[in-house]
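Analysis of the macromolecular model
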Amino acid sequence: MKLISASIAIFLSSVFALSACSNSESSVANSTQSSSPSAAILTDAAKWESNNTKITFLMGKVTPELKSITEPAHFDTSSAVLGVDGKFVLTIDLKSISTDIDIRNQRLKDWFFETSKFPVATVTGQLDSAQINQLKLGETLLLDQNLSLNLHGVDIPIQAALLISRVDNNRMIVNTRTPVIVDIGKIDMLEEMEKLMEGIGVSTIIQQVPISFYGEFSRIS
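No experiment lies behind these values; they were computed from the predicted model shown.

Let's talk about the environment of V182
- Considering the arrangement of structural elements, one finds V182 in strand β11 (residues 180-183).
- Of the residues examined, V182 reaches a relative accessible area of 5% and is grouped as buried.
- Measuring from C-alpha to C-alpha, the distance between V182 and L149 comes to 9.0 Å, with 33 residues separating the pair along the chain.
- Contact partners of V182, with chain neighbours within four places excluded, come to L149, I156, I158, I187, Q207, Q208, V209 and I211.

Structure, rendered in structure tokens:
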């Protein structure tokens, strides 16, 4: 019972922490918008790209002594494209995992993500490109978007609460309003999780992982 309570506490604290981070990024996005909503801006169909996306998450663990540990992590390399037709593709280089501790990074790459076999993860979906392109300066769009995550060779549906802001004629910002919760159990990675738990000496790793996204997109067509 103590272990279950500790696990739930870590999970909830992780969600609240990342939600606050996401909301902070939303505020930054809004503060960068022009104060002139009526300014002329291109609203025709366009392709958008981002090479500086930020994907962050928290890993919750419980030691054999029932000590709760929450560890932040992120990926250094990822990119995203929103096509003229609204097709969205986010590609994440799993080898770029960063926890600020080299040995922990290597264990995650070797034991959990198995990057020798699965070097990337992708998130795909179909967005309303017309609605996005018609955003004017000073406007934001809230989307509750169905997406598909491919991780470790398995596709699972996820839903992202997105905030999209038009910064200028050729730039927009997309970020999650609240963290996306990914259930590792649905990706059939429990064996890999057990190996990681044994290797790092913990009793539990929380299966529900909250993930936040932030990306600055540039208009390229």
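There is more to say after this.
A few points about empty space enclosed by the protein
- Across all of its chains, the model carries one cavity of 30 Å³ or more by this definition.
- Its volume calculated, the largest cavity comes out at about 550 Å³.
- Lining the largest cavity are 36 residues, with I55, I92, V123, V182 and I211 positioned closest to its centre.
- Only β2 (54-62), β5 (87-93), β7 (120-126), β8 (140-151), β9 (154-168), β10 (171-176), β11 and β13 (208-219) provide two or more residues apiece to the lining of the largest cavity.
- Here the lining of the largest cavity gets five residues from one element, more than from any other, and that element is β13.
- Classifying every residue of the lining of the largest cavity by side-chain character gives 34 nonpolar, two polar and no charged.

Some points on the packing of aromatic side chains
- Using the criterion set out here, one finds three aromatic pairs in the structure.
- On the numbers, 5.7 Å between centres and 35 degrees between planes, the contact of F57 with F75 is tilted. Highlighted residues: F57 in strand β2 and F75 in strand β3 (residues 68-75), separated in sequence by 18 residues.
- Cluster of aromatic residues (ring-pair linked, three or more members): F57, F75, F112 and F113.

Things to note about helix α2 (residues 102-112)
- Within α2, the full set of buried residues consists of R104, N105, L108, K109 and F112. Here the buried residues of α2 occupy an arc of 135 degrees about the axis, which is enough to place them on one side. Those residues of α2 that are exposed and aimed more than 90 degrees away from the buried face are D102 and I103.
- The elements touched by buried residues of α2 are β2, β3, β6 (97-98) and α4 (190-200).
- Of the residues flanking the end of α2, it is E114, one or two places downstream, whose phi is positive at about 50 degrees.

Focus on the environment of K67
- Here K67 is to be found in the loop between β2 and β3.
- The spatial distance from the C-alpha of K67 to the C-alpha of V202 is 9.4 Å, given a sequence separation of 135 residues.
- Here K67 is in contact with K61 and V62, once residues within four sequence places are set aside.

Remarks on the side chain of R166
- Looking at the secondary structure, you find R166 in strand β9.
- One buried charged side chain, R166, makes no salt bridge at all; its nearest oppositely charged neighbour is D168, positioned 6.1 Å away.
- A distance of 3.1 Å separates a polar atom in the side chain of R166 from the backbone oxygen of N133.
- Here L135 takes part through its backbone oxygen, which lies 3.1 Å from a polar atom of the side chain of R166.

Observations regarding the confidence of the model for the protein
- Overall, the prediction assigns the protein a mean pLDDT of 85, with 82% of residues at 70 or greater.
- Here residues 1-13 scores under 50 on pLDDT; set against residues more than four positions off or in separate chains, the count is 20 contacts.
- Taken as a whole, residues 19-38 scores under 50 in pLDDT and shows 33 contacts with residues more than four places along the chain or in a different chain.

Quick word on unusual backbone geometry
- If you check the backbone angles, D100 has positive phi at about 75 degrees while not being a glycine.
- Mapped onto the secondary structure, D100 falls in the loop between β6 and α2.
- Accessibility expressed as a relative area gives 69% for D100, which makes it exposed.
- Despite not being glycine, E114 shows a phi value in the positive range, around 50 degrees.

Conventions and cut-offs
- Residue numbering note: each chain is counted from 1, following its sequence as written.
- The predicted nature of this model means local features are confined to residues of pLDDT at least 70 and side-chain atom pairs, given and counted, to a pLDDT of 80 or more, with totals for whole chains, interfaces and linings taken over all residues.
- To get the side-chain values, take all heavy atoms of the structure and skip hydrogens and water.
- Helix and strand assignments follow DSSP, with helices taken as H or I runs no shorter than four residues and strands as E runs no shorter than two, numbered in order from the N terminus.
- Partly exposed describes any residue whose relative accessible area lies between the buried limit of under 20% and the exposed limit of over 50%, with all areas from a 1.4 Å probe on protein chains only and scaled to the type maximum.
- Between two residues, a contact is recorded if the distance between any of their heavy atoms is within 4.5 Å.
- Computed over the protein atoms alone on a 1 Å grid, cavities are sets of points where a 1.4 Å probe fits but cannot get out and pockets are open sets with protein on both sides within 12 Å along at least five of seven lines; a residue lines them when it has an atom within 4 Å of a point.
- Grid points are joined across faces, edges and corners, and a volume is the space filled by probe spheres set on the points.
- Under the convention adopted here, Pro, Cys and the residues Ala, Val, Leu, Ile, Met, Phe, Trp and Tyr are nonpolar, Asp, Glu, Lys and Arg are charged, and Gly plus all remaining residues are polar.
- Here is the rule: rings of Phe, Tyr and Trp (six-membered ring for Trp) pair when centre to centre is within 6.5 Å. Planes less than 30 degrees apart are stacked, more than 60 are edge-to-face, and the remainder are tilted.
- The reported arc concerns the directions from the helix axis to the C-beta atoms and nothing else.
- In this tally, Asp and Glu contribute negative charge and Lys and Arg positive charge; neither His nor the terminal groups of the chain are included.
- Any Lys or Arg side-chain nitrogen located within 4 Å of an Asp or Glu carboxyl oxygen qualifies as a salt bridge.
- Between N or O atoms, a polar contact is any pair within 3.5 Å; within protein, one atom must be a potential hydrogen donor and the other a potential acceptor, and residues adjacent in sequence are included only when both atoms are from side chains.
- By definition, pLDDT measures how confident the predictor is in each residue, and it falls between 0 and 100.

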